[in-house]
Amino acid sequence: MAELSQRGIVATTGLIAHGRGEAYDYLLGEMTVPEGEKAEEVAAAHLLEAVNPVISVNGNAAALCAEEIISLAEAVPAKMEVNLFHRSEKRIEAVCSYMESMGAKRILGRRPDARLEGITSDRALCTREGIHSADVVLVPLEDGDRAEALMAAGKVAIAIDLNPLSRTSRTATVSVVDEVTRAIPNIERFVSELRSHPDKRRRLIRDFDNQANLKGVARRICSHLVEDIDQGKA
Ligand code: PTJ
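Just so we're clear, the structure is a prediction, and the values are computed from it rather than from any experiment.

### Some details on the site of the ligand
Part 1 of the reasoning: Near the ligand there are 23 residues, and of these Arg20, Phe85, Arg91, Asp161 and Glu179 occur at the shortest range.
Part 2 of the reasoning: Separating an oxygen atom of the ligand from a backbone N or O atom of Glu142 is a distance of 3.4 Å.
Part 3 of the reasoning: Out of a free accessible area of 750 Å², the ligand has 93% covered by protein chains.
Part 4 of the reasoning: Here the element with the most residues in the shell around the ligand is helix α2 (residues 12-27); it accounts for seven residues.
Part 5 of the reasoning: Class assignment for the residues of the shell around the ligand results in eight nonpolar, nine polar and six charged.

Printed below as a string of structure tokens:
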């Protein structure tokens, strides 16, 4: 992360966000919890049911798991679009080139030709072919404003965020509370499992309650803390 920050791929605030993520991951026991796995299965169902699924890529996601994102995009198949919170032409180019150097054959985002309503910053810039016309968008490590704007535009927003209380987690259609390097391969595994089962996919989507799932994660964090206290670790 530190090296990719020096190369301009990860924003300075991206390093801070990474530290926040590590703290939440510790509270989750540094593993995929059952609620995270359920959300990953539902995320896979949405991606397979979508007409135009898009994976939004920012600096942190690229730095942590470029190859896993590319592999998931090929498996679905889904488009990949670079969209940055701290946007500059130089960083857009750096992240796009980095994804290409890691094997991406096609990356959208260099030439935005549309705007996502409800965001005043340059983060609204996107492509007509990608995020603007997507029906399902996977957003790893997102900020709350854009998750809200995607939902307001009628899209299914799948967030990956270790903080179950973040505005992104509370806003998204499906909130995957798991570390992104575990979450993306898990979603790909479920894509393989669900590919030939459309009825199961629709049932999973219909029966999923995101708020109840998030409450389950929050309770799990609390009980981990209580266990640590009881065992004299805290
Ligand atoms: O590359 P840019 O310019 O688009 O900037 C990206 C950042 C991450 C800086 C930007 O999106 C941002 O500021 O995000 P936030 O609002 O800090 O939210 C990031 C969320 O991701 C936080 O809730 C973190 O807990 C969570 N997070 C951090 N690392 C991980 C993570 N979630 C999953 N896996 C991680 N490794």
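Having seen it, we continue.
### A short note on the environment of Asp161
Part 1 of the reasoning: Considering the arrangement of structural elements, one finds Asp161 in the loop between β6 (156-160) and α8 (167-171).
Part 2 of the reasoning: Relative accessible area serves as the criterion here: at 14%, Asp161 is assigned to the buried category.
Part 3 of the reasoning: Distance from Asp161 to Leu141, taken between C-alpha atoms, is 5.4 Å for residues 20 residues apart in sequence.
Part 4 of the reasoning: Those residues in contact with Asp161 that lie beyond four places of it in its chain are Glu142, Ser166, Thr168, Ser169, Val176, Val177 and Asp178.
Part 5 of the reasoning: Among the polar contacts made by the side chain of Asp161, one reaches the main-chain amide nitrogen of Asn163 at a distance of 2.8 Å.
Part 6 of the reasoning: A polar side-chain atom of Asp161 sits 2.9 Å from a polar atom in the side chain of Ser166.

### As for the state of the cysteines
What we call a disulfide is simply a covalent bond connecting the sulfur atoms of a pair of cysteines.
Part 1 of the reasoning: Under the definition given, this model contains zero disulfides.
Part 2 of the reasoning: Counting only cysteine sulfurs, Cys96 is the nearest neighbor of Cys65, a cysteine outside any disulfide, at a range of 16 Å.
Part 3 of the reasoning: Here Cys65 falls in the buried class, since its relative accessible area comes to 1%.

### Some details on the nonpolar core
Part 1 of the reasoning: The biggest cluster of nonpolar side chains holds 51 residues, and the ones touching the most others in it are Ile55, Val57, Ile69, Met80, Met99 and Ile158.
Part 2 of the reasoning: The element contributing the most residues to this core is helix α4 (residues 59-75), with ten residues.
Part 3 of the reasoning: When residues no more than four places from it in sequence are discounted, the contact partners of Ile55 are Ile69, Leu72, Ala73, Ala78, Lys79, Met80, Glu81 and Leu138.
Part 4 of the reasoning: Within the second largest apolar cluster, 15 residues are counted, among which are Ala124, Cys126, Val137 and Ala159.

Quick notes on the rules
Numbering of residues starts from 1 in every chain and runs along the sequence as written. The predicted origin of the model limits local features to residues at a pLDDT of at least 70 and limits the giving and counting of side-chain atom pairs to 80 or more, whereas totals for whole chains, interfaces and linings rest on all residues. Hydrogens and water molecules were not included; the side-chain quantities draw on all heavy atoms of the structure. Consider each residue's heavy atoms; a residue with any of them within 4 Å of a molecule or strand counts as near. Polar contacts here mean pairs of N or O atoms no more than 3.5 Å apart (in protein, one a potential hydrogen donor and the other a potential acceptor; neighbouring residues in sequence count only if both atoms are side-chain atoms). For every accessible area listed, the method is Shrake-Rupley and the probe measures 1.4 Å; residues are considered covered only by the protein chains on display. Helix and strand assignments come from DSSP, with helices taken as H or I runs of at least 4 residues and strands as E runs of at least 2, each series counted from the N terminus. When residues are grouped by polarity, Ala, Val, Leu, Ile, Met, Phe, Trp, Tyr, Cys and Pro land in nonpolar, Asp, Glu, Lys and Arg in charged, and all others, Gly among them, in polar. Here's how the labels work: a residue is buried when its accessible area is under 20% of the maximum for its type, exposed when over 50%, partly exposed in between, all with a 1.4 Å probe on protein chains only. Whether two residues touch is decided by their heavy atoms; if any such pair falls within 4.5 Å, the residues are in contact. The disulfide criterion used throughout: a pair of cysteine sulfur atoms within 2.5 Å. Here, nonpolar core means buried Ala, Val, Leu, Ile, Met, Phe, Trp, Tyr and Cys residues that are tied together by side-chain atoms lying within 4.5 Å of each other.

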